[in-house]
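So you can see what is in the structure, the chains are spelled out below.
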Amino acid sequence: MMIPDSCVHNSSMENGSMEMPCTPEEERSIIEELAAKAETNLREGNLYYVVSSRWFMAWQRYVGKIEDDYPFDSSSVGPSSVAPSSTKDRPGPIDNTDLVINEVKDKDEDLQLHRTLQEGHDYELVPEEVWGRLLKWYKGGPVLQRKMISVGEQHKQFSVEVFPVQLRLIDSRDHSEAVIRLSKKASLRSLYEKVCQLKGLDPEKICIWDYFNKKQETILNSCSQTLEESNVQMDQEILLEVQVDGFTRDSTGNSLAMVPVEFTGSTSSIAGGPSMSNWHSTSINFNAHEQTTSKYEDMEDGHDGLKPEAGGDRGLAGLQNLGNTCFMNSALQCLVHTPYLVNYFFQNYSNEINKQNPLGMRGELALAFGELLRKLWSSGRTPVAPRVFKGKLARFAPQFSGYNQHDSQELLAFLLDGLHEDLNRVKQKPYIEAKDYDGQPDEEVADEFWKYHKARNDSVIVDICQGQYKSTLVCPVCDKISITFDPFMYLSLPLPSIATRSMTVTVLYGYGSSLPMPFTVNVLKQGNCKDLIQALDIACGLHSDEYLLLAEVFENRIYRYVESPSEPLAAIKDDERIVAYRLPKRDTDLTRLEIYHRYQDNDSKMFLTPLVTNLEDPQSGADIYLAVERMLSPLRRKEFDTSTSMDYSRENDSFSSNTCTGQLGLEIQSTGEIEGEGMPRKDFTFQLCITDDNGYSWRPIMKNTPIRPGRLAKFLVEWTEKEHEIYNASHLQVLPEVHKSQIFANKSKQEAVSLFSCLDAFLKEEPLGPDDMWYCPQCKEHRQASKKLDLWRLPDILVIHLKRFSYSKWLKNKLDTNVDFPIQNLDVSKYVKSIDASAGRHMYELYGISNHYGGLGGGHYSAYCKLIDGENRWYHFDDSHVSPVSESEIKTSAAYLLFYERVKHNSNRTSDEP
């Protein structure tokens, strides 16, 4: 059999042919096979290519890999959709121009990407093999090649370095600037080679300085150390100095004699023990490439000593933003203003550093944090650049590397856990066998759990930050109760929604019994589509054998169906137009008919609201004509609505046998006005057309046209002036928006949610989610058990995380709910269920807040912290900027993390006491 030249199968692909496959499905299969093969061969140095999401999603729609976001596509059918049609438009050449900043003037010039780009939203990464195939098929560009690197210290991960490190090279001879771009995994030797190539210099006659903040911090010696290990930051400056006749020239052109680099400073260790590092002086002379010791590497920039300064500026140093690091700065300021941690890290803690803990970071994270804390309390108001700490963080938690915005709570969780493991006093963790505690009092079981926990986990973090809660699971079948006592580092509290939202939805009858009717209902602002459907159910008097099908209408087309009851209402915007089609519940498979409208003399523009109905096994165009006539019957003007007109009401469920069966068992009876059996009226003169799945190609159908649609069929009703005389189309002409905002409406102040309401919501009994099924040891099956949490033991430092960010399949959302939280006298005694704890009160005072302003995926973090120097004044820490703030100003809807300290009446109380 002859195979057309355009149809090339996988075998020919393997033999090197790059012709276009004959079908989108085949193209998809080839790419998926190449991608899967690349996935099994991940290693450092692999090449990947950046592709614009805009183009890549068009390609995915073409091959049917994803559901389209546009009208008239497979997504509009919902779960019952058939396979995507191969008639979707083939995308044009690959177009990455929306990703790049600069135009190419030189073929060797690097193309720069916009820094704000996000993977999965703005661009996709494809392996070299996939890119090669796509480029052969589609051409285009520009080519954006990137390399895979290995990140992480303990748990190596592979990551594609989309944004290499960009450095500004300052030539001390003429103050000229040049841009150098290298991988963060590139060595300092590679940096020297690139600079020498750019400037035409001898590597033996230059030296390069770390010129961060325009200060000669240290010499970057030509060696195998990487840029990442040298704590070099994106966009920072490096200084080039060139040796001439045995001398180097400084930035003023003066000759300097060559002398070794000298470092002076405190001999105190950052752990309070023997000296582990030295500080450099601010004046350095050099005349040789002396090897700077690794002792310097663990010191933050510009520190002149470890002794806290006297005076009123202690603890008022800001943290410099190193590129979207406000999330880190906010959490750090709250931690370094925690009284217990300040006292601990200013003492000698060297004996507690655990370098052997496989779960820790060899003590490096604790040392870096301790040094940073001391620096912040010893620098007056001079901002600190936490380059060393950020470098350690990136090595041990690569998810926080790079220059994207992250979540301060996620950073805090990692940091507390990392500090605990680095400072864990338990060097060899004992194995503890699980026991059966059935029948034992809760107090004994809780003490046993805490004792076992402390036997493996004993650090200053456990002492002050960890509490214990009681978790109760109940099997819904056999009532088996399982109780455990688990430690916690912080409480993540949900924000109960009290805000309501007014939503207007137009209900259309899928059996043509009534005119469309808009209904306005009030639902919880943070509710889901199930809440909206339930409210509409009551408002429109839905019958038990009916259901509502929600859809979004855009430009008189069905843009998408809203069929998932768990889809959040936040996904529906106020300016959208939502309809609800009232349809019957049927066990049999039905064909869904979408009915659109246009003027006969207009080939493309739609008008009127689309209609939806169901038919069981339509056979011919006559079935469609009858269904359309039924749907339009409420629009007939009274003068044309004769006594012989058909009754399509829902209750009319029995007719004679010479009929056409429609939905709900309706049978359309023939009358004198009907043209033969099962045919529409003589005055029903509309021309109907059928469309393909794309919805843009129409062809007329007659009453005798055979119809064999699948689960979805789309038809077009063509209107003329004659039809307008018979039918009043104004009822379908205007769809109200979900919510029409009034320009002059008075905005009421948002009602605040009590912090205690958040605690109640966190501790209430609720069923486990379908993905969190519990294995019942009595039933010996997984069950959707009910779960109840109770606080049992509280720590001295209580960190509360307000869960403002929600993530779902459809969107990411942030709650701006205003939470009313106490600043003094937070009494949580009633929530502590242990008997021993009931004798005392659990009172806390607020000392720190991590704030988040703006939306998800961006925004800005800052912190409010109360100084512990006796004056109890609050300050706003906004990266480098620190300013006083009154206590009345710190309670805002931006509060994200709350830091409370226990109010103690007995200073000798240990943290093990409840």
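Definitions and cut-offs
- Residues numbered from 1 in each chain as written.
- Predicted model: local features only at pLDDT ≥ 70, side-chain atom pairs only at ≥ 80, totals over all residues.
- Heavy atoms only, no water.
- Buried < 20%, exposed > 50% of the residue type's maximum accessible area, 1.4 Å probe, protein only.
- Helix = DSSP H or I, 4+ residues; strand = E, 2+ residues; numbered from the N terminus.
- Pairing = 2+ DSSP bridges.
- Contact = heavy atoms within 4.5 Å.
- Axes fitted to C-alpha atoms, helices over the stretch in contact; angles between N-to-C directions.
- Expected span 1.5 Å × (residues − 1).
- Polar contact = N/O pair within 3.5 Å; in protein donor to acceptor, adjacent residues only side chain to side chain.
- Salt bridge = Lys/Arg side-chain N within 4 Å of Asp/Glu carboxyl O.
- Core = buried A, V, L, I, M, F, W, Y, C linked by side-chain atoms within 4.5 Å.
- Parallel < 35°, antiparallel > 145°, perpendicular 65-115°, else oblique.
- Nonpolar A, V, L, I, M, F, W, Y, C, P; charged D, E, K, R; others polar.
- Phe/Tyr/Trp six-rings, centres within 6.5 Å; stacked < 30°, edge-to-face > 60°.
- Lys NZ or Arg CZ within 6 Å of the ring centre and 35° of its normal.
- Left-handed = near helix turned anticlockwise from the far one by under 90°.

I'm lost on the pairing of strand E14 (residues 467–474) in this one. Help?
The side chains of a regular strand alternate, first on one face of the sheet and then on the other. Where burial is concerned, most of E14 is hidden: seven out of the eight residues are buried. Bridge count for E14 against strand E15 (residues 481–488) is eight bridges, and the pairing is antiparallel. Bridging from a neighbouring strand, Tyr469 pairs with Asp486 of E15. A loop of six residues connects E14 with E15, the two strands running antiparallel in sequence, and Asp479 in this loop sits at a positive phi of about 65 degrees. The pairing of E14 with strand E33 (residues 786–793) spans seven bridges and is antiparallel. Each bridged residue has a counterpart across the sheet, and for Leu473 the counterpart in E33 is Lys787.

Any chance you could explain the sheet that holds E15 here in plain terms?
Working definition: the strands of a sheet are paired by backbone hydrogen bonds and lie parallel or antiparallel to each other. One open sheet accounts for four strands, arranged E15-E14-E33-E30; its pairing is antiparallel. Strand pairing shows two members of the sheet lacking a second neighbour, E15 and strand E30 (766–767), which therefore form its edges. When E30 meets E33, the two strands line up antiparallel, connected through two bridges. The partner of Pro767 across the bridge, within E33, is Ser786. Contacting E14, E15 and E33, helix H11 (residues 442–456) crosses the sheet at an angle of about 40 degrees to E15.

Teacher, can you tell me more about helix H10 (residues 408–422) here?
Think of an α-helix as 3.6 residues a turn; residues three or four steps apart then line up on the same face. An ideal rise of 1.5 Å per residue puts 21 Å on 15 residues; H10 measures up with 21 Å between its terminal C-alpha atoms. Buried residues dominate H10, accounting for 12 of its 15 residues. Turning to H10, its buried residues are Ser408, Gln409, Leu411, Leu412, Phe414, Leu415, Leu416, Gly418, Leu419, His420, Glu421 and Asp422. Backbone nitrogen of Gln409 and a side-chain oxygen of the N-cap are separated by 2.8 Å at the start of H10; the cap is Asp407.

What is the right way to look at the sheet that holds strand E27 (residues 698–701) in this model?
As summarised here, the arrangement of the five strands in space is E23-E22-E28-E26-E27, forming an open sheet in which the pairing is mixed. Edge strands, defined here as strands with exactly one partner in the open sheet, are strand E23 (611–615) and E27. For this sheet, the mean angle separating the axes of adjacent strands, direction not counted, is 35 degrees. Strands in contact with helix H14 (residues 621–632) are strand E22 (591–599), E23, strand E26 (687–691), E27 and strand E28 (712–719); relative to E23, the strand with the most contacts, it is inclined by about 130 degrees.

Hey, could you run me through the pattern of salt bridges in this one?
Oppositely charged side chains can pair when the atoms bearing their charge come close. The final tally for this structure, using the stated rule, is 31 salt bridges. We note a salt bridge from Glu421 to Lys429, for which the minimum N-O separation is 3.5 Å. The partner of Arg501 in a salt bridge is Asp574, and the shortest N-O contact between them spans 3.0 Å. With a gap of 73 residues between them, Arg501 in strand E17 (residues 500–509) and Asp574 in the loop between strand E20 (557–562) and strand E21 (577–584) connect regions that are remote in the sequence.

I would appreciate a short explanation of the nonpolar core in the present structure.
The nonpolar side chains of a soluble globular protein tend to be buried with one another. If you look at the biggest cluster of nonpolar residues, it comprises 59 residues, and the most contacted ones within it are Phe369, Phe389 and Leu415. Ignoring sequence-local partners within four residues, the contact set of Leu415 consists of Leu332, Leu335, Leu365, Phe369 and Phe389. By size, the runner-up hydrophobic cluster in this structure holds 43 residues, among which are Val579, Leu615, Ala713 and Ile726.

Sorry if this is basic, but what is going on with the packing of helix H2 (residues 24–39) against helix H3 (residues 53–63) here?
Between H2 and H3, the shortest axis-to-axis distance is 8 Å and the interhelical angle comes to 120 degrees. If you check the angle between H2 and H3, you find them oblique. Contact residues: H2 offers Pro24, Glu27, Arg28 and Ile31, while H3 offers Trp59, Tyr62 and Val63. The residue inventory of the contact of H2 with H3, partitioned by class, reads five nonpolar, no polar and two charged.

Got a minute to help me understand the environment of Tyr831 in this structure?
Tracing the chain through its elements places Tyr831 in the loop between strand E38 (826–827) and strand E39 (843–853). Between the C-alpha atom of Tyr831 and that of His842, which follows or precedes it by 11 residues, the distance is 9.4 Å. Those residues in contact with Tyr831, other than ones at most four positions away along the chain, are Phe756, Leu759, Asp760, Leu763 and Leu791.

Would you take a moment to explain the packing of aromatic side chains for this structure?
Geometry of an aromatic ring pair is reported as the spacing of the ring centres plus the angle between the planes. Under the defined criterion, the tally for this structure stands at 21 aromatic pairs. When the centroid spacing of 5.1 Å and the interplanar angle of 70 degrees are considered together, the rings of Phe485 and Trp792 count as edge-to-face. One end of the pair, Phe485, is in strand E15; the other, Trp792, is in strand E33, with 307 residues separating them in the sequence. Using a relative accessible area of 5% as the deciding quantity, one classes Trp792 as buried. Aromatic side chains Tyr861 and Tyr896 sit 6.4 Å apart centroid to centroid with 50 degrees between the ring planes, which places their arrangement in the tilted category. Here Tyr896 lies in strand E43 (residues 895–902) and Tyr861 lies in strand E40 (residues 860–866), a separation of 35 residues in the sequence. Among the aromatic side chains, those forming a connected cluster through ring pairs are Tyr599, Phe607, Phe686, Trp719 and Tyr727. Sitting over the face of the ring of Phe212, Arg387 holds its NZ or CZ atom 4.3 Å from the ring centroid. Just above the ring of Tyr561 sits the side chain of Arg592; from NZ or CZ to the centre is 4.6 Å.

Just checking my understanding: could you explain the packing of helix H8 (residues 364–376) against H10 for this structure?
Any two packed helices are characterised by the angle at which their axes cross and by the distance between the axes. As a packed pair, H8 and H10 sit with axes 8 Å apart at the nearest point and diverge in direction by 110 degrees. The angle between H8 and H10 falls in the class roughly perpendicular. Pair H8 / H10 crosses with left-handed handedness. On H10, the residues that touch Glu364, Leu365, Ala366 and Phe369 of H8 are Phe414, Leu415, Gly418, Leu419 and Asp422.

Looking at this model, I keep getting lost on unusual backbone geometry. Mind explaining?
Leave glycine aside and you will find that most residues have negative phi; peptide bonds, for their part, are mostly trans. A cis amide bond links Gly141 to the next residue, Pro142, at an omega of -5 degrees. Phi at Asn213 is positive, roughly 55 degrees, even though this residue is not glycine. Note on placement: Asn213 falls in the loop between strand E9 (206–210) and strand E10 (218–220). With a relative accessible area of 43%, Asn213 lands in the partly exposed category. The phi torsion at Asp879 lies on the positive side, around 55 degrees, for a residue other than glycine. Of note, Asp879 is situated in the loop between strand E41 (874–878) and strand E42 (881–885). We classify Asp879 as buried; its relative accessible area is 13%.

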